[in-house]
Amino acid sequence: MKNDAIGVFDSGLGGLTTVKELNRLLPHENIIYFGDTARVPYGSRSPETILRYAKEDVAFLRQHQVKMIIAACGTVSSVVGDRPFVTDMPFAGVIYPAVAAACAATRTKRIGIIGTPATIKSESYKKAILQQHPDYFVATQACPLFVHLVENGYTDFHNPVTRLVAEEYLAPIQAQKVDTLILGCTHYPVIADMIGDIMGADVTLISPGAETAGYAKQCLTEKNLLSNRTENGKNVYYVSDSVELFTENAAHFLQKEVTGTVYQSGWQKEAGC
Ligand code: DGL
């Protein structure tokens with residue numbers, strides 16, 4: 001059990017930002033990643049569809065020996081909320097680790113949240129913050145174009161198109177004078193330098209994937225489930241669309257070439273999707 005893999009899933013490639021952090025924090029762990037690249041994006045879909053997809057993603061991961069499941073997707077984590085459908089092993093979404101970090105970081109009790117339309121509509125982050133701190137102020141903003149810009153490699157700090165879009169999306173949040181901003185979608189940490197530049201040096205940016213990797217480490221430590229492997233663990237990736245496209249684009253998220261094996265999951269055929 002201790003040497004079983006950590007299963008991580010996302011609607012596509014964005015969850016690789018969490019894998020990167022897991023590799024850094026837990027180098028001896030094996031990671032099995034499932035990216036539903038054939039059905040991304042989830043962020044513009046209904047809660048019912050997102051939940052159905054998430055359950056199918058988890059069913060795929062369960063075909064492997066996994067000791068913990070991480071929903072790296074902000075959209076899935078938002079729809080699942082505090083009613084996880086995985087109860088027989090540790091399960092983590094990104095909302096609570098990110099909220100804990102944001103609440104610890106804010107000095108002025110004013111927190112901003114950006115995410116996909118489904119994440120913002122669910123009010124998942126906002127509810128989690130206000131549940132713990134009813135006196136906090138929370139400003140939210142959906143940024144649907146960011147996913148497409150990042151997927152298409154428009155990620156350079158000086159990219160004029162992404163900067164224009166970012167300035168437009170972030171202006172209402174800036175006007176609310178938040179001092180902490182949760183990057184509530186897997187793709188946003190990839191353009192964190194630009195978002196940070198626009199928001200200003202006084203605003204602390206929180207990356208849910210990184211916080212969730214820290215939470216996973218804590219959780220596995222508490223449950224005595226950390227691997228006792230002495231050599232480095234391996235990453236194995238499954239995607240529901242083309243392996244070539246995954247390998248080409250994954251470097252944006254990992255900030256290095258993919259190391260590990262990538263397979264086409266082929267599961268939709270079996271599931272008749
Ligand atoms: N992974 C999604 C999220 O973190 C972004 C991409 C999508 O919309 O599926 O919300």
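Residues numbered from 1 in each chain as written. Predicted model: local features only at pLDDT ≥ 70, side-chain atom pairs only at ≥ 80, totals over all residues. Heavy atoms only, no water.

1. Looking at the environment of Ile69
Rules: Each helix is a run of DSSP H or I of at least 4 residues and each strand a run of E of at least 2, with the numbering of both proceeding from the N terminus. Whether two residues are in contact is decided by their heavy atoms, any of which lying within 4.5 Å being enough.
Summarising the element assignment, Ile69 is placed in strand E3 (residues 66-71). Each C-alpha atom, one on Ile69 and one on Val243, is 22 Å from the other, the two residues being 174 residues apart in sequence. Those residues in contact with Ile69, other than ones at most four positions away along the chain, are Gly7, Phe9, Val58, Leu61, Met89, Pro90, Phe91 and Ala92.

2. What to know about the sheet that holds strand E9 (residues 235-239)
To be explicit about the condition: The pairing criterion is simple: DSSP has to find at least two bridges between the two strands. Between the N-to-C directions of two axes lies an angle of 0 to 180 degrees, each axis being a line fitted to C-alpha atoms and, for a helix, fitted only over the stretch in contact.
The parallel open sheet is built from six strands, whose spatial order is E4-E3-E1-E2-E9-E10. Strands at the two margins of the open sheet, each flanked by one partner only, are strand E4 (91-92) and strand E10 (261-264). In the sheet, strand E1 (residues 5-10) pairs with strand E2 (residues 31-35) via five bridges, with the strands oriented parallel. Each bridged residue has a counterpart across the sheet, and for Phe9 the counterpart in E2 is Phe34. Where helix H1 (residues 16-25) meets the sheet, it contacts E1, E2, E3 and E9, and its direction lies at approximately 175° from that of E2. Sheet strands in contact with helix H11 (residues 243-254) are E2, E9 and E10, and its direction is about 135° off that of E10.

3. Some details on the packing of helix H8 (residues 160-175) against helix H9 (residues 192-199)
Definition in use: Working rule for angles: under 35 degrees goes down as roughly parallel, over 145 as roughly antiparallel, 65 to 115 as roughly perpendicular, anything else as oblique. By the definition used in this description, the sense in which the near helix is turned from the far one sets the handedness, with an anticlockwise turn below a right angle giving left-handed and a clockwise turn giving right-handed. Gly falls in the polar group here, along with every residue not listed as nonpolar (Ala, Val, Leu, Ile, Met, Phe, Trp, Tyr, Cys, Pro) or charged (Asp, Glu, Lys, Arg).
Contact geometry of H8 with H9 gives a least axis separation of 10 Å together with a crossing angle of 50°. In terms of their interaxial angle, H8 and H9 are classed as oblique. The two elements H8 and H9 meet at a crossing, and its hand is right-handed. Across the interface between the two elements, Thr162, Arg163, Ala166, Glu167, Leu170, Ile173 and Gln174 of H8 pack against Met194, Ile195, Asp197, Ile198 and Met199 of H9. Among the residues forming the contact of H8 with H9, the class breakdown is seven nonpolar, two polar and three charged.

4. Some thoughts on empty space enclosed by the protein
Quick reminder of the rule: Any residue with an atom within 4 Å of a point lines the site, the site being either a cavity, points on a 1 Å grid over the protein atoms alone where a 1.4 Å probe fits but cannot get out, or a pocket, an open set with protein on both sides within 12 Å along at least 5 of 7 lines. Grid points are joined across faces, edges and corners, and a volume is the space filled by probe spheres set on the points.
Taken as a whole, this structure holds one cavity of 30 Å³ or more when the rule is applied. In this structure, the largest cavity spans a volume of roughly 60 Å³. What lines the largest cavity is Thr17, Thr18, Ala72, Gly74, Val94, Tyr125, Gly184, Cys185, Thr186, Pro189, Pro208 and Gly209. Of all the elements in the fold, those that place two or more residues in the lining of the largest cavity are H1 and helix H10 (208-222).

5. So, the environment of Lys223
Worth spelling out the cut-off: Here the term buried applies to any residue with accessible area under 20% of the maximum for its type, exposed to any over 50%, and partly exposed to those in between, with areas from a 1.4 Å probe on protein chains only.
With respect to the element layout, Lys223 can be found in the loop between H10 and E9. The exposure class assigned to Lys223 is partly exposed, which follows from its relative accessible area of 48%.

6. Some remarks on the side chain of Arg229
Here is the rule: Counting rule for charge: Lys and Arg are taken as positive, Asp and Glu as negative, and neither His nor the chain ends is counted. When a carboxyl oxygen of Asp or Glu lies within 4 Å of a side-chain nitrogen of Lys or Arg, that pair is called a salt bridge. Any pair of nitrogen or oxygen atoms within 3.5 Å is treated as a polar contact; in protein, a donor-acceptor pairing is required on top of that, and neighbouring residues in sequence qualify only through side-chain atoms on both sides.
The residue Arg229 is located in the loop between H10 and E9 in this model. It turns out Arg229 is buried and unbridged, and the closest side chain with the opposite charge, Glu231, is 4.2 Å from it. Engagement of the side chain of Arg229 in a polar contact is seen with the backbone oxygen of Asn3, the distance being 2.8 Å.

7. Quick word on H1
Along H1, the residues classified as buried are Leu16, Thr17, Thr18, Val19, Glu21 and Leu22. Taken together, the buried residues of H1 touch E1, E2, E3, H10, E9 and H11.

8. A few points about the site of the ligand
Note the cut-off: Here, proximity means that at least one heavy atom of the residue falls within 4 Å of the molecule or strand. Residue exposure ignores everything except the shown protein chains as possible cover, and the areas themselves are Shrake-Rupley values with a 1.4 Å probe.
Taken together, 14 residues lie around the ligand, and Asp10, Ser11, Tyr42, Gly43 and Thr75 are the ones closest in. With respect to the ligand, the side chain of Asp10 contributes an N or O atom lying 2.8 Å from a nitrogen atom. A distance of 2.6 Å separates an oxygen atom of the ligand from a polar atom in the side chain of Thr75. Protein chains shield 99% of the accessible area of the ligand, which is 290 Å² for the free molecule.

9. Brief notes about the nonpolar core
Stated precisely, the cut-off is as follows: As used here, the term nonpolar core means buried Ala, Val, Leu, Ile, Met, Phe, Trp, Tyr and Cys residues forming a set that is joined through side-chain atoms within 4.5 Å.
Counting 50 residues, the largest nonpolar core has Leu16, Ile114, Phe146, Ile195 and Phe246 as the members making the most contacts within it. A per-element tally of this core places H8 first, with five residues. Within the second largest apolar cluster, 23 residues are counted, among which are Val58, Val86, Met89 and Tyr238.

10. What about the layout of surface pockets?
Roughly 370 Å³ of volume is contained in the largest pocket. Every residue lining the largest pocket is counted, 23 residues in all, and those nearest its centre are Ser78, Val79, Ser122, Ser124 and Lys127. Per-class residue counts for the lining of the largest pocket are nine nonpolar, nine polar and five charged.

11. Observations regarding the packing of aromatic side chains
Where we set the bar: Centres within 6.5 Å are what make two rings of Phe, Tyr or Trp a pair, Trp counting through its six-membered ring; a difference in plane orientation under 30 degrees is then read as stacked, over 60 as edge-to-face, and the rest as tilted. In this scheme, the term charge over a ring applies when either NZ of a lysine or CZ of an arginine sits within 6 Å of the ring centre and within 35 degrees of the ring normal.
All chains considered together, the criterion is met by nine aromatic pairs. Aromatic side chains Tyr33 and Tyr237 sit 6.0 Å apart centroid to centroid with 65° between the ring planes, which places their arrangement in the edge-to-face category. With Tyr33 in strand E2 and Tyr237 in strand E9, this residue pair connects regions lying 204 residues apart in the sequence. In this pair, the class of Tyr33 matches that of Tyr237, namely buried. With 5.1 Å between their ring centres and 70° between their planes, Phe60 and Tyr238 make a pair best called edge-to-face. With Phe60 in helix H2 (residues 47-61) and Tyr238 in strand E9, this pair connects stretches of sequence that are 178 residues apart. Like Phe60, the residue Tyr238 is buried in the burial classification. A network of ring pairs unites the aromatic residues Phe34, Phe60, Tyr238 and Tyr263 as a single cluster. The ring of Tyr53 carries Arg39 above its face, with NZ or CZ at 3.7 Å from the centroid. The residue whose ring lies beneath Arg163 is Phe157, and the NZ or CZ to ring-centre distance is 5.0 Å.

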